[in-house]
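Architecture and fold: a report
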Amino acid sequence: LSSITIQRLRVDPQGTLWISAVEGGLMSCRNGRFRFELPSGLPPAGWLSSVVAASEQEAWLASVGGTLWRWRGAAGTNRWASFEAPDANYRSTFCQDSQGRIWYRTQDGWLGWFEGAQFVRAPTNCGLSGLQVNQLACDPGGRVWVGTERELAAWDGGHFVNQTPTNGESVITVQHLAFAGDGSLWVRTQT
C-alpha cells in the first residue's frame, strides 16, 4: 500500500476488501493480494462511501460526493467507469434493487435511480406521503425501502407501499434503516 492513512474500509459480498486512502486512492484486497484500483489525488468528495453491489464480474461503489464507480471484468483487471449523479451530495445513499437498478437519495432529499447509464429522478406520485426521504436501503432480496418524515415504505415494483407498523404511532419520522444478517429490519425514529 502506498499510503498508511486509511479513510474507509468496506467488504463486499464476494469477500473483497475495498480500501480508500486519505490521499484519494482506492485499493482492493482479493484472495490475499492487494491491488491499486483508482488513482490517488481524488478530492474528499471522491472518497469511498459504500459498496453498492458486487458479484464476480461486476462491482458498484459510491463515493462520498455521489459518484458511482463500476468495475467489470475478471479479478485483477482495472476496467473502471465513473458516473456522476447530477443531484447527489455527501448525504446521498445508494443501493441496488433486485432488477439491477441503482437507487439513490438526491441532495434535496428525494429519490432518483441510475439505469442504462442514465440518472432519472423518481416521480413525486410514487406512493410516498412524505416528501423528504431521510433513509434508503435495500433488503437482502433487493427490495427498496425508504424512511421519510412521515413513514416507512417499501417499493412493490410500481410504487411505494406504506409499511409503518400499525401497533404504534401512525406517523413516524425515520432517521436510520439497517438490515440485520437474518434479514430483519431495524428502524430508528425521531422521538
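The structure contained in this document is the topic of the report that follows. (Residues numbered from 1 in each chain as written. Predicted model: local features only at pLDDT ≥ 70, side-chain atom pairs only at ≥ 80, totals over all residues. Heavy atoms only, no water.)

1. What about the packing of aromatic side chains?
The tally for this structure, following the rule as stated, stands at 12 aromatic pairs. Residues Phe-83 and Phe-114 carry aromatic rings whose centres are separated by 4.9 Å and whose planes lie at 50° to one another, so their mutual orientation is tilted. Of the two residues, Phe-83 is situated in strand E8 (residues 80–84) and Phe-114 in strand E11 (residues 111–115); the sequence distance between them amounts to 31 residues. Phe-83 sits in the buried class, given a relative accessible area of 14%. With a relative accessible area of 4%, Phe-114 lands in the buried category. Ring geometry for Phe-114 against Phe-119: centres 4.6 Å apart, planes inclined by 50°, an arrangement best described as tilted. (Phe/Tyr/Trp six-rings, centres within 6.5 Å; stacked < 30°, edge-to-face > 60°. Helix = DSSP H or I, 4+ residues; strand = E, 2+ residues; numbered from the N terminus. Buried < 20%, exposed > 50% of the residue type's maximum accessible area, 1.4 Å probe, protein only.)

2. Focus on the pairing of strand E1 (residues 6–11)
Alignment of E1 against strand E2 (residues 17–21), held across five bridges, turns out to be antiparallel. Residue Leu-9 lies in a different strand from E2, and its bridge partner there is Ile-19. Connecting E1 to the next strand, E2, in antiparallel fashion are five residues, including Gly-15 with a positive phi near 90°. (Pairing = 2+ DSSP bridges.)

3. Section: the side chain of Asp-12
With respect to the secondary-structure elements, Asp-12 resides in the loop between E1 and E2. For Asp-12, the side chain forms a polar contact with the main-chain nitrogen of Gln-14, separated by 2.8 Å. Setting aside chain neighbours within four positions, we find Asp-12 in contact with Trp-18, Val-51 and Ala-54. (Polar contact = N/O pair within 3.5 Å; in protein donor to acceptor, adjacent residues only side chain to side chain. Contact = heavy atoms within 4.5 Å.)

4. A word on the pattern of salt bridges
Going through the model one piece at a time under the given rule, you end up with five salt bridges. Residues Asp-87 and Arg-121 are paired through a salt bridge, measuring 3.2 Å at the closest nitrogen-oxygen approach. With Asp-87 in the loop between E8 and strand E9 (94–96) and Arg-121 in strand E12 (residues 118–121), the pair connects residues that are 34 residues apart, well separated along the chain. Assessed through its relative accessible area of 40%, Arg-121 is described here as partly exposed. Residue Arg-121 pairs with Asp-108 through a salt bridge whose shortest N-O separation is 2.5 Å. Taken together, the positions of Arg-121 in strand E12 and Asp-108 in the loop between strand E10 (102–105) and E11 put the pair 13 residues apart, joining distant regions of the chain. In this structure, a network of salt bridges that share partners links the residues Asp-87, Asp-108 and Arg-121. (Salt bridge = Lys/Arg side-chain N within 4 Å of Asp/Glu carboxyl O.)

5. A short note on the nonpolar core
In terms of nonpolar packing, the biggest core is built from 16 residues, with Trp-103, Leu-111, Leu-128, Leu-136, Val-144, Val-146 and Phe-160 touching the most fellow members. Every element with two or more residues in this core is listed here: E11, strand E13 (133–138), strand E14 (144–148) and strand E15 (152–155). With three residues, E13 is the largest single contributor of residues to this core. Residues in contact with Leu-136, not counting those within four places in the same chain, are Thr-93, Cys-95, Trp-103, Tyr-104, Arg-105, Leu-111, Val-144, Trp-145, Val-146 and Leu-177. Counting residues in each nonpolar core, the second largest holds 12 residues, with Ala-62, Leu-68, Ala-85 and Ile-102 among its members. (Core = buried A, V, L, I, M, F, W, Y, C linked by side-chain atoms within 4.5 Å.)

6. Description of the sheet that holds E9
On the basis of which strands lie adjacent, the open sheet formed by four strands has the order E9-E10-E11-E12 and antiparallel pairing. Of all strands in the sheet, those with a lone pairing partner are E9 and E12, marking the two edges. Averaged over all adjacent pairs, the angle separating strand axes in this sheet is 25°, with direction ignored. (Axes fitted to C-alpha atoms, helices over the stretch in contact; angles between N-to-C directions.)

7. So, the pairing of E11
Each regular strand carries side chains that alternate between the two faces of the sheet. Along E11, four of the five residues are buried, which leaves the element largely enclosed by surrounding structure. For E10 and E11, the ladder comprises four bridges, and the chain directions are antiparallel. Bridging across to E11, Tyr-104 finds its partner in Gly-112. Between the antiparallel neighbours E10 and E11 lie five residues, among them Gly-109 with a positive phi of about 85°. As consecutive antiparallel partners, E11 and E12 are separated by two residues, and within that stretch Gly-116 has a phi angle of approximately 65°, a positive value.

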